[in-house]
Amino acid sequence: MLSSFLLATIAAACCSTAQADRWARVDDQGVLRWQDDRSEVALFGVNYYTPFSADYEGLARLGEDHRVVIDHDVAHFQRLGLDAIRLHVFDRQISDLEGNLLDNENLKLFDYLVFTAKQRGIYTVLTPLAWWHYHSANAGFSSLYSKPEMLRSPAARSAQKNYLRQFMEHVNPYTGMAYRDEPAIVAIELINEPLYDRTTTVDDVRDYIDDLAGAVRAAGARQPIFYNGWAGMEEAVGKSSIEGCTFGWYPTGLVSGGCLRSNYLPAVDDYPRMRMACLAEKAKIVYEFDAADVPGRVMYPAMARAFRSGGAQIATQFQYDPTPLAAFNYGWCTHYLNLIYAPGKTLSFALAAEAFRRTPRLARFGEYPASAAFGPFTLDFDRDMSVMRTDDAYLYANDTDLPPPHPERLERVFGCGSSPVVRYEGTGAYFLDRLGNGQWRLEVYPDAVWIDDPFAPTSLTREVSRVLWAEHPITVRLPDLGDSFQCQRIAPNAAASARAVSGSFSVTPGVYTLARQGATLPTNVAAEFWAPAPEYERPAVWWQTARRWRAGVALPVQVSVAARDVKFVRLHITGGERLAMDHIAPYLYSASVPGERLVDGAVHLQLEVQTPTGAYWFPAGATGQQKPREPFTVFQIDRNTAPHVRGSPACRAEVVSGSTLNVESAGFHGTAAAGLRLPASRPDQSDFDTLIVRGRATQAATDRVELGLVQADGKAYGIDVPLWNEQHDVRVPLVELKPLWATPPGRLDVTRLSEVSLVFGAWLYGPVASEPHGFQIEKVWLEQSVPGWAVDIAPADGPVVLFAAGDRPARVNGEEGSVQTLVRGSRPGQWADRIWIAKFEPPPSSISFRQPVTESIRIAGGLLHHANALEIVARAIEPPTDKLEVVLLERDSTAWGTVVPLSEKWQRIVVPLGELRFFDHWAHPEGRGGKNDRLKIEELDAVNFCFGSWLYGDRAGQAHGIEIESASLVQGD
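What counts and how
Residues numbered from 1 in each chain as written. Predicted model: local features only at pLDDT ≥ 70, side-chain atom pairs only at ≥ 80, totals over all residues. Heavy atoms only, no water. Helix = DSSP H or I, 4+ residues; strand = E, 2+ residues; numbered from the N terminus. Buried < 20%, exposed > 50% of the residue type's maximum accessible area, 1.4 Å probe, protein only. Areas by Shrake-Rupley, 256 points an atom, 1.4 Å probe, with all protein chains shown as cover. Lys, Arg positive; Asp, Glu negative; His and termini not counted. Charge placed at Lys NZ, Arg CZ, Asp CG, Glu CD. Contact = heavy atoms within 4.5 Å. Salt bridge = Lys/Arg side-chain N within 4 Å of Asp/Glu carboxyl O. Pairing = 2+ DSSP bridges. 1 Å grid on protein atoms, 1.4 Å probe; cavity = no way out; pocket = protein on both sides within 12 Å on 5 of 7 lines; lining within 4 Å. Points joined across faces, edges and corners; volume = space filled by probe spheres on them. Nonpolar A, V, L, I, M, F, W, Y, C, P; charged D, E, K, R; others polar. Phe/Tyr/Trp six-rings, centres within 6.5 Å; stacked < 30°, edge-to-face > 60°.

**Concerning the overall build of the protein chain**
Helix and strand content of the protein chain: 13 helices and 61 strands. Along the longest, intermediate and shortest principal axes, the C-alpha atoms of the protein chain span 90 × 70 × 65 Å. Residues counted as buried form 58% of the 973 residues belonging to the protein chain. Put simply, the protein chain shows about 36800 Å² of open surface, and 49% of that area lies on carbon and sulfur atoms. For the protein chain, the centre of its 93 positive side-chain charges and the centre of its 116 negative side-chain charges are spaced 1 Å apart.

Right under this line is the structure:
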């Protein structure tokens, strides 16, 4: 994609900054100060990983030049006003088994990134040890040890010190300086997110810190040294010889599986952990943070304010998407930040950089909603608006009607959307910089249209945001320019000058110079401009409507349509009825399906998008209205088939009843497994979307089998198919098939099918692997589902579903080694989420299992108020797991919960809402939990399940596991 980037020569210093070459030191009060003038350091930026891990790999797969990507992205960092990057180096990619530094391409790219950032005034926080088990061409020393062993093992300690010494002595060929002498490395954080075993003490960690820091200092490093204080080890940092402590914050959790749209501002008023007494003389850095999975534009400035209240002097978000990967949000799907593909969200981040630098360290602003206005900043969740207004700057990340206090004094403006100063109907970012009296520089980026949920599981085959180069009118109302001013495009292609009429003229992406009447157009202006200009064959849409609704209630439908020159958009409903959709914002359309059209069952909706090149129908994206194709049988057993099982000799396969494949095993031990492959038929058409498997389990311990579809080229895609004792048809969307074995990421091509693979073994069944196993498969076929998006319509008086297994990945946090899988539920066709762990360590060892319920709350509307109980369908899968903590969370993080009993049989557990107690030990705003306080059901935001060592006493060290089907609000007895 970057081959289509457009680059004009840099001619002047409109966006330039002095290079990053100031040294910083920590004083006796724990304040990080610039050495030259003793002023306080305040740096704000991002984590960025083009040289390493999934970003490096993804760019290589796209055929991109990593150095060009770095050039473009770092230029955008500068354009956004960022002045810091942080990297935890994937040490396994640049080291050998003894900890020797390897001078390979990954290291060279890291060197180039540090150099490029330095040239643009951007400092680097260096974390040389990551430990992460990312695959690479070489093993690396940390592959020999667990993270706790990095502290415990003398051999690991020796390798780390050798590696750290060589890293600090390494000379960057682009700067000619060793990293120990590089002022652009503003701080060194020894290791990313260390972990400890249960015997580790504060003194053990302090000794580890001092030992690694000693190696860095012995190499001659001059930078202040930091260490992560998480896992309750702030005291160890406080007692150590280093200068500072690092912190991370994910107040919305991680990996929700989709967009979170609740108001989380009440949860980010303050960050008091940094003000711990044991850290009073240590400087503070936020090494990672994010409002993960939140698409809105208000959280970043609020988080920056909270970090300053805690005393942070550097903060770096995790993580900025390299631009070619941002179309897919490839890599870490729970984060999404990129100027081109997520402009509004990213401009709110640029506002946060301003908030971080302008907010005094340790300043506090009270509780939300009072905290939504601080200094020159205003945050408005309901309007998804963040804005900064000062005498010389007017910055906003969405439409705003708040005017600048003194428009005549403005020196710079940036925005997304419209304001009293700029009216613009594109969706990309724009920047206005004053060059002199009556002379301005305008920079306009292309439109970005989200065409899928960026926070759902992503890959390089799933586009989530699309860039469109479109022409739009823009109106600029600046007293310094007047209503009739000259404008001239200078990049990427120069054009003749024109004159604005009443402040209005037309723009396409690029750089423009503006001059008021009587002034000359400025020359010697920075013409640097980078933006991708891809071409698309057909439109794309993002369907933003609930998957579940209630009978008789009008259904709102909203879609984003990424296409130029749309004539109209129509919604087609099951049965032939059609509705015109209203154009409510750039690229955004809405309609409402009448309640009388919604009865128990399902409704299917199709979208017709009419363009100058014809009509396109969605979700298929085809040029004609879709009708379901006849089913196609991929595999059906024949009585003459002689199946051959490979693997465990204790397995056998035969044809029974003339048309059913029967496979049995006496049990699996160690890593034993068995499987068979059978010829498959392949269709001529590729537009099937669902795989159906007809089969059953013949043994009680057999709850699933791995089914794979193998192409003629050897690539295989599959899924664990749940099995019940009764024969049942299991339906699996083809998009849910995952690459098997050594197959690279990608999608199945059903027209290339060659074989069906069936595999089962010890890895599938865990503690019951040694018991007898067996299954029967009768038929495997493909279908094209009823065209359109399906919305399940529930009875008007039915339960309000807060969580249902299989809807989207639930957010699991807690112990390493826990296993989450989607398995069969209590009855055929019902899924369950299974969480299992071999043992819990001593308290606070636990696993938390959270699901946001925002969509369900919105769907239910006023029906929530009629619910008086919480119903959970769950069971234990290990005998010691006889309890489960259940919590309902409000939007302000107030928690109401209880502990419910579990058995190994499926249960419907009903808990009256009045029996939920206030959880004072959870974080919550002041004033909650008093005598008359209660659960505010209308503010419900998430349901959380938790189980851990504190629940099970002396049985905590045994295996534990739960399965959960659903959680619903109901009208109890």
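Anyway, onward from the coordinates.
**Quick look at the environment of A156**
Turning to its location among the elements, A156 is positioned in helix α5 (residues 154-169). Under the relative-accessibility criterion, A156 is labelled buried at 0%. A156 sits 11 residues away from Y145 along the chain, and the two C-alpha atoms are 6.9 Å apart. Setting aside residues no more than four positions away along its own chain, A156 makes contact with Y145, E149 and M150.

**Some points on the pattern of salt bridges**
Per the counting criterion, the structure on display carries 60 salt bridges. Notably, a salt bridge pairs E755 with R677, separated by 3.1 Å at the nearest N-O pair. Here E755 is found in strand β47 (residues 753-761), whereas its partner R677 is found in strand β41 (residues 673-679), with 78 residues between them in sequence. With a relative accessible area of 25%, E755 lands in the partly exposed category. Look at R677 and you get partly exposed, because its relative accessible area is 33%.

**Some thoughts on unusual backbone geometry**
Between Y368 and the following residue, P369, the backbone shows a cis peptide bond with an omega angle of 10°. A cis amide bond links F618 with the next residue in sequence, P619, at an omega value of 25°. The backbone of D384 shows a phi angle near 50°, a positive value even though the residue is not glycine. The residue W741 is not glycine, and still its phi comes out positive at about 60°. Structurally, W741 is set in the loop between β46 (738-739) and β47.

**So, the sheet that holds strand β20 (residues 439-444)**
Ordered by their spatial adjacency, 10 strands build an open sheet running β13-β14-β15-β16-β17-β19-β20-β27-β24-β25, and the pairing between neighbours is mixed. With one partner strand each, in any of the chains shown, β13 (373-374) and β25 (498-499) form the two edges of the open sheet. Across four bridges, the pairing between strand β14 (residues 377-380) and strand β15 (residues 385-389) is antiparallel. Looking at the pairing, D380 lines up with M385 of β15.

**Side note on empty space enclosed by the protein**
One pass over the full model with this rule turns up one cavity of 30 Å³ or more. Approximately 90 Å³ is the volume found for the largest cavity. Among the secondary structure elements, those contributing two or more residues to the lining of the largest cavity are α2 (66-80) and β20. Of all the elements, α2 adds the most residues to the lining of the largest cavity, at four residues. For the lining of the largest cavity, a count of residues per class yields five nonpolar, two polar and four charged.

**Section: the pairing of strand β33 (residues 582-585)**
Summarising the sheet, β33 and strand β34 (residues 588-593) pair through three bridges and their orientation is antiparallel. Paired with D582 across the two strands is S590, which belongs to β34. Adjacent in sequence and paired antiparallel, β33 and β34 are bridged by two residues, among which Y587 carries a positive phi angle near 70°.

**Some details on the packing of aromatic side chains**
For the structure shown, the criterion picks out 54 aromatic pairs. Where F110 meets F167, the ring centres are 5.7 Å apart and the plane angle is 75°; that geometry is what we call edge-to-face. Here F167 lies in helix α5 and F110 lies in helix α3 (residues 105-119), a separation of 57 residues in the sequence. The two residues F110 and F167 agree in class, both being buried. On the basis of an interplanar angle of 80° and a centroid distance of 5.0 Å, the ring pair of F668 and F760 is categorised as edge-to-face. Residue F668 is located in the loop between β40 (660-665) and β41, and its partner F760 is located in strand β47; the two are separated by 92 residues in the primary sequence. Given the relative accessible area of 2%, F668 is considered buried. The exposure class assigned to F760 is buried, which follows from its relative accessible area of 1%.

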